[in-house]
Amino acid sequence: MRKFEMSNSGIWKFGIRKFVGNRCNRLLIVFLTLGLLAVWGTGARAALQVGGYFETTGQGMFGGGSPSGDDTPSYLLANHLKLRLDLPDYKDFGAHAEFNAVHLSGAEQPGISDLQPISIDRLYVTYNNPAFDLTVGKQRFSWGMGTAFRPVDRFNPPNPVDPSSTRAGKNGVELTVPLGQLSSISAIAVHDGGGASGAGVANPWTTGLRARTNVGQTDLAVSVADDRVRDARTLGLEAKGDLLVGYHAEAVYEYPGRAFDQGKWTYAVGVDNSWGENLFALVEYLHDQSGGDSPEKYRWDLLGTSRQWLGTDYLFGALTYKTDDYSSLSLSVLRNLKDEGTIITPGFTTEVADGVTLSLKGILVRAPEGSEYRPAGPLPGMREATVEARLKLAF
């Protein structure tokens, strides 16, 4: 399971990649900067839109799983400035950029040593016309229809521990051609070099095609992907609709490659329902044939590269209750059904003033020693209890 995710709504990131660390990224920055200047020079600069937020997050961590191997409490304080810049479409061209400035203080924790104080989340230019849409640069590529589990998504899969967290962008190109009002086909090429999964790979690209349509009240999609970094070729199927309650399902067949000597299926199904405008519930189940059915069979060496989780069966549930127009309570549970590791996340969010949001969250880990969430030996796990407070000022 990918743990310790640093994001706009979570403070940890597993294996944060350095954006400017290779030639492809540097060339991309130069190319996009020239594109931004070109659009800027057209006269659209008068319509430049600037936004973002400043966020202060404090965490206290307790119980087993500390880097020192004991139960010593630790804390972390993060100040995060997000800046968004938008150039609205001008003669079919547009541009978007997002920059982060992060300052951390507190106990040393695994997974943050590669964090850059200043980073780029998004930096892309767009060209949109009735015939096609083209986006070039660092962007979010998102396939799949699930919340916690999206096995179809080979590029920016959600973190099941915190599905609402903003996912990092990837460098690449996406071309979408509409095929009527509710149908389209997309072609993508995503560069995944320079990170843990792409370092030293001769062809660090993932390419894919995805076709979407709607039949009645059901959204359908089929996709194929060729992941050269992980030597994986996949076929994906997706569906989402309503049958008394909302439902979604997706399945991926991965052809034999470097990680597996025979084809494997991964599928996820989920149902959701709302009662009025105040109460919402979601349940999702994931089965992965390529995972291990016990900790002794986990492929720890592939975690964070070709694997996002280690086991075969997972269950995720989330409940949200809106107490009033400004506040809500939430509770989510993630469970590895094989090793019985469980993560419980209660939360409370309220808008204390216009543009000012206060969030409180707890993360409780109940897992046996040697399981996915509390591995044995030198591998980092999760602390038994984490409390978090976050104050966010949007502008």
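Thresholds applied
Residues numbered from 1 in each chain as written. Predicted model: local features only at pLDDT ≥ 70, side-chain atom pairs only at ≥ 80, totals over all residues. Heavy atoms only, no water. Helix = DSSP H or I, 4+ residues; strand = E, 2+ residues; numbered from the N terminus. Buried < 20%, exposed > 50% of the residue type's maximum accessible area, 1.4 Å probe, protein only. Contact = heavy atoms within 4.5 Å. Areas by Shrake-Rupley, 256 points an atom, 1.4 Å probe, with all protein chains shown as cover. Core = buried A, V, L, I, M, F, W, Y, C linked by side-chain atoms within 4.5 Å. pLDDT = per-residue confidence, 0-100. Patch = residues over 30% accessible without salt bridge, like charges linked within 9 Å, V, L, I, M, F, W, Y side chains within 5 Å. Salt bridge = Lys/Arg side-chain N within 4 Å of Asp/Glu carboxyl O. Phe/Tyr/Trp six-rings, centres within 6.5 Å; stacked < 30°, edge-to-face > 60°. Lys, Arg positive; Asp, Glu negative; His and termini not counted. Pairing = 2+ DSSP bridges.

Enquirer: So what exactly am I meant to see when it comes to the overall build of the protein here?
Expert: When helices and strands are tallied, the protein shows 1 helix and 20 strands. A buried classification covers 46% of the 395 residues belonging to the protein. Partitioning the contacts of the protein with sequence separation of at least 6, the portion at a separation of at least 24 is 53%. Counting only carbon and sulfur atoms, one obtains 60% of the accessible surface of the protein, whose full area is about 18,800 Å².

Enquirer: For this particular structure, what's the right way to read the nonpolar core?
Expert: Nonpolar side chains tend to gather and get buried jointly when the protein is soluble and globular. Core analysis: the biggest nonpolar cluster contains 16 residues, and Phe-149, Leu-334, Ile-343, Val-365 and Tyr-373 have the highest contact counts within it. Elements that contribute at least two residues to this core include exactly β15 (279–288), β16 (313–322) and β19 (356–366). Membership of the second largest hydrophobic core comes to 8 residues, among which are Phe-141, Trp-143, Ile-188 and Val-190.

Enquirer: Is there a simple way to think about the confidence of the model for the protein in this case?
Expert: Caution is warranted with low-pLDDT regions, since their predicted coordinates should not be read in detail. Across the protein, the average pLDDT comes to 83, with 79% of residues at 70 or higher. Under a pLDDT of 50 for its full length, residues 1–22 has, in the predicted model, 98 contacts with residues more than four places off or in other chains. The low-confidence segment residues 194–199 (pLDDT under 50) makes 14 contacts with residues lying over four places distant or belonging to another chain.

Enquirer: Quick question: what am I supposed to make of a nonpolar patch on the surface here?
Expert: Taken together, the side chains of Leu-48, Val-50, Phe-54, Leu-81, Leu-83, Leu-393 and Phe-395 present a nonpolar region at the surface, about 580 Å² in accessible area. At the level of secondary structure, the elements contributing two or more residues to the nonpolar patch comprise β3 (49–62) and β4 (74–90). Looking at the element boundaries, Leu-48 is found in the loop between α1 (23–40) and β3.

Enquirer: Would you mind showing me how to read the packing of aromatic side chains here?
Expert: The geometry of an aromatic ring pair comes down to the distance between the two centres and the angle between the two planes. Across all of its chains, the model carries 11 aromatic pairs by this definition. Measuring from centroid to centroid gives 6.0 Å for Phe-149 and Trp-309, while their planes differ by 90°, and the two rings are edge-to-face. Placement of the pair is Phe-149 in the loop between β7 (133–139) and β8 (170–178) and Trp-309 in the loop between β15 and β16, with a sequence separation of 160 residues. Each of the two residues, Phe-149 as well as Trp-309, counts as buried.

Enquirer: Quick question: what am I supposed to make of unusual backbone geometry here?
Expert: Comment: phi is negative for the bulk of residues other than glycine, and the bulk of peptide bonds are trans. The backbone of Asp-92 shows a phi angle near 75°, a positive value even though the residue is not glycine. Take Asp-92: it is sitting in the loop between β4 and β5 (93–106). Unusually for a residue other than glycine, Glu-340 sits at a positive phi of about 70°. Looking at Glu-340, the relative accessible area reads 49%, which means it is partly exposed.

Enquirer: Looking at this structure, how should I read the environment of Leu-220?
Expert: With respect to the secondary-structure elements, Leu-220 resides in strand β11 (residues 218–227). Each C-alpha atom, one on Leu-220 and one on Ala-239, is 4.6 Å from the other, the two residues being 19 residues apart in sequence.

Enquirer: What's the story with the environment of Asp-86 in this structure? I'm lost.
Expert: Counting through the fold element by element, Asp-86 comes out in strand β4. Judged by relative accessible area, which is 25%, Asp-86 ranks as partly exposed. Considering only alpha carbons, one finds Asp-86 and Val-50, 36 residues apart in sequence, at a separation of 6.6 Å. With near-sequence residues (within four places) excluded, Asp-86 lies in contact with Ala-47, Leu-48, Gln-49, Ala-95 and His-96.

Enquirer: I'm lost on the side chain of Glu-174 in this one. Help?
Expert: On the secondary structure map, Glu-174 appears in strand β8. Buried charge Glu-174 goes without a salt bridge, the closest partner of opposite sign being Arg-210 at 6.8 Å. What Glu-174 contacts, discounting residues up to four positions off in sequence, is Asp-133, Leu-134, Thr-135, Gln-139, Phe-141, Ser-186, Ala-187 and Ile-188.

Enquirer: What should I look at first to understand the pairing of strand β18 (residues 342–353) in this one?
Expert: By the bridge criterion, 9 bridges tie strand β17 (residues 327–336) to β18 in an arrangement that is antiparallel. Bridge pairing links Ser-330 to Gly-347 in β18. Here β17 hands over to β18 after 5 residues, with Glu-340 in that stretch at a positive phi of 70°. Sheet topology places β18 next to β19; 9 bridges connect them, and they run antiparallel. Along β19, the bridge assignment pairs Gly-347 with Lys-361. The hairpin formed by β18 and β19 contains 2 residues between the paired strands, and Gly-355 there has a positive phi angle of roughly 80°.

Enquirer: Even after reading the chapter, I still don't get the pattern of salt bridges, so can you show me in this structure?
Expert: Think of it this way: side chains of opposite charge can pair up when their charged atoms draw near. Within this structure, the stated rule accounts for 16 salt bridges. Taking the shortest distance from any N to any O, the salt bridge between Arg-374 and Glu-384 comes out at 3.4 Å. With Arg-374 in the loop between β19 and β20 (385–394) and Glu-384 in the loop between β19 and β20, this pair connects stretches of sequence that are 10 residues apart. The class of Glu-384 is partly exposed, set by a relative accessible area of 30%.

Enquirer: Could you clarify how one ought to interpret the pairing of β11 in this entry?
Expert: Note on strand geometry: in a regular strand, side chains alternate between the two faces of the sheet. As defined by bridge partners, strand β10 (residues 205–215) adjoins β11 across 10 bridges and the pair is classed as antiparallel. Residue Arg-210 lies in a different strand from β11, and its bridge partner there is Ser-223. Counted between consecutive antiparallel strands, the loop separating β10 from β11 contains 2 residues, among which Gly-216 sits at a positive phi close to 65°. Here β11 runs beside strand β12 (residues 232–243); their pairing, made up of 9 bridges, is antiparallel. Looking at the pairing, Ala-225 lines up with Thr-234 of β12.

Enquirer: What's the story with the environment of Ala-249 in this structure? I'm lost.
Expert: The topology assignment puts Ala-249 in strand β13 (residues 245–254). For the pair formed by Ala-249 and Glu-238, sequence separation is 11 residues and the distance between their alpha carbons is 5.8 Å.

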